[in-house]
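# A look at the structure
If you want the building blocks of each chain, they are given just below.
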Amino acid sequence: MRKIISFMHISLDGFVAGPNGEMNWIKVDEEIFDHVGKRISESDTALYGRVTYQMMENYWPTAGDQPDASKHDIEHSKWYKQAHKIVLSKTMEDADLPNTTIISGNLADKINEIKQQAGGEILLFGSPAATHSLIQLNLIDGYWLFVNPIILGHGIPLFADIKDKIKLNLLATRQFTCGVTALDYTVDRP
């Protein structure tokens, strides 16, 4: 069965964005891009909430074509255009987008159906509201967290309204030169 892995940058105190969605505190560099690019290249499916999807769609389809495109922009743009995108949205339900599946209702059933299909892991990029919904439905199978060396004090939390404990197994850690630490967990299911 396919697994959904939440890929998220977080502050040391567990926030994924500032109170107004600010992400200017996130540290990324070539070392992180190379590390992330390797794992992403092994997946063919991206999962987004509507807001994150629209942000990605406004940038990635043409990012690699720009004259000043970085190696990361070129590689991720190519991957993004080929990847199947799943978008959780109640307002985009009639959208007819290429290589994109919109899920607007029956979230648990539709996600479980997708998890039963052939393919590799499904990477849930950012999307805190979608992540919260999937956590509540026990549909996230792992967390790939990039802990940034900052304490925000307030903002949008990664974990909100958790009703039951979620036990995790640590698969790997990686310390980056810029001070970010990657933590790769799988959910410990009985």
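Not measured: the values here are computed from a predicted model.

Moving on to the sheet that holds strand E6 (residues 122-125). The strand order across the open sheet built from eight strands is E5-E4-E3-E6-E1-E7-E10-E9, with neighbouring strands paired in mixed fashion. Among the strands making up the open sheet, the edge pair consists of strand E5 (100-103) and strand E9 (168-175). Ignoring which end each strand starts from, the neighbouring axes of this sheet average 20° apart. One ladder, built from five bridges, connects strand E3 (residues 45-49) with strand E4 (residues 84-88); its direction is parallel. Looking at E4, one finds that alanine 46 is bridged to lysine 85. In the packing of helix H1 (residues 30-40) onto the sheet, the strands contacted are strand E1 (4-11), E6, strand E7 (142-148), E9 and strand E10 (181-187), and the crossing angle to E7 comes to about 175°.

Turning our eyes to something else, we now look at the pairing of E1. Burial within E1 is extensive, with eight of its eight residues counted as buried. Of the two faces of E1, both are covered, the one formed by Ile4, Ser6, Met8 and Ile10 as well as the one formed by Ile5, Phe7, His9 and Ser11. Pairing analysis gives four bridges linking E1 to E6, with the strands arranged parallel. Looking at E6, one finds that serine 6 is bridged to leucine 124. Where E1 lies against E7, seven bridges are found, and the strand directions are parallel. Residue pairing across strands places serine 11 opposite asparagine 148, the latter belonging to E7.

Among the structural elements, histidine 132 can be located in helix H5 (residues 128-136). Histidine 132 sits in the buried class, given a relative accessible area of 18%.

Further remarks concern the pattern of salt bridges. Two side chains with opposite charge may pair up if their charged atoms get near one another. In the structure shown here, the tally under the stated rule is seven salt bridges. Here arginine 2 makes a salt bridge to aspartate 44, at a shortest N to O gap of 3.4 Å. With arginine 2 in the segment before E1 and aspartate 44 in the loop between H1 and E3, this pair connects stretches of sequence that are 42 residues apart. Residue arginine 2 is classed as buried on the basis of its relative accessible area of 6%. Among the residues examined, aspartate 44 registers a relative accessible area of 42% and is labelled partly exposed. Between aspartate 141 and arginine 189 there is a salt bridge, and its shortest N-O distance comes to 2.9 Å. Pair noted here: aspartate 141 is in the loop between H5 and E7 and arginine 189 is in the segment after E10, with a separation of 48 residues, a long-range link. Residue classification places aspartate 141 among the buried positions, given a relative accessible area of 6%. When salt bridges that share partners are traced, they join Arg39, Glu121 and Asp184 into one network.

A word on unusual backbone geometry. A positive phi angle, near 55°, is found at asparagine 99, a position not held by glycine. The topology assignment puts asparagine 99 in the loop between E4 and E5. Here asparagine 99 falls in the partly exposed class, since its relative accessible area comes to 35%. For asparagine 138, which is not a glycine, the phi torsion comes out positive at approximately 60°.

Reading guide: rules and limits
- Residues numbered from 1 in each chain as written.
- Predicted model: local features only at pLDDT ≥ 70, side-chain atom pairs only at ≥ 80, totals over all residues.
- Heavy atoms only, no water.
- Pairing = 2+ DSSP bridges.
- Helix = DSSP H or I, 4+ residues; strand = E, 2+ residues; numbered from the N terminus.
- Axes fitted to C-alpha atoms, helices over the stretch in contact; angles between N-to-C directions.
- Contact = heavy atoms within 4.5 Å.
- Buried < 20%, exposed > 50% of the residue type's maximum accessible area, 1.4 Å probe, protein only.
- Salt bridge = Lys/Arg side-chain N within 4 Å of Asp/Glu carboxyl O.

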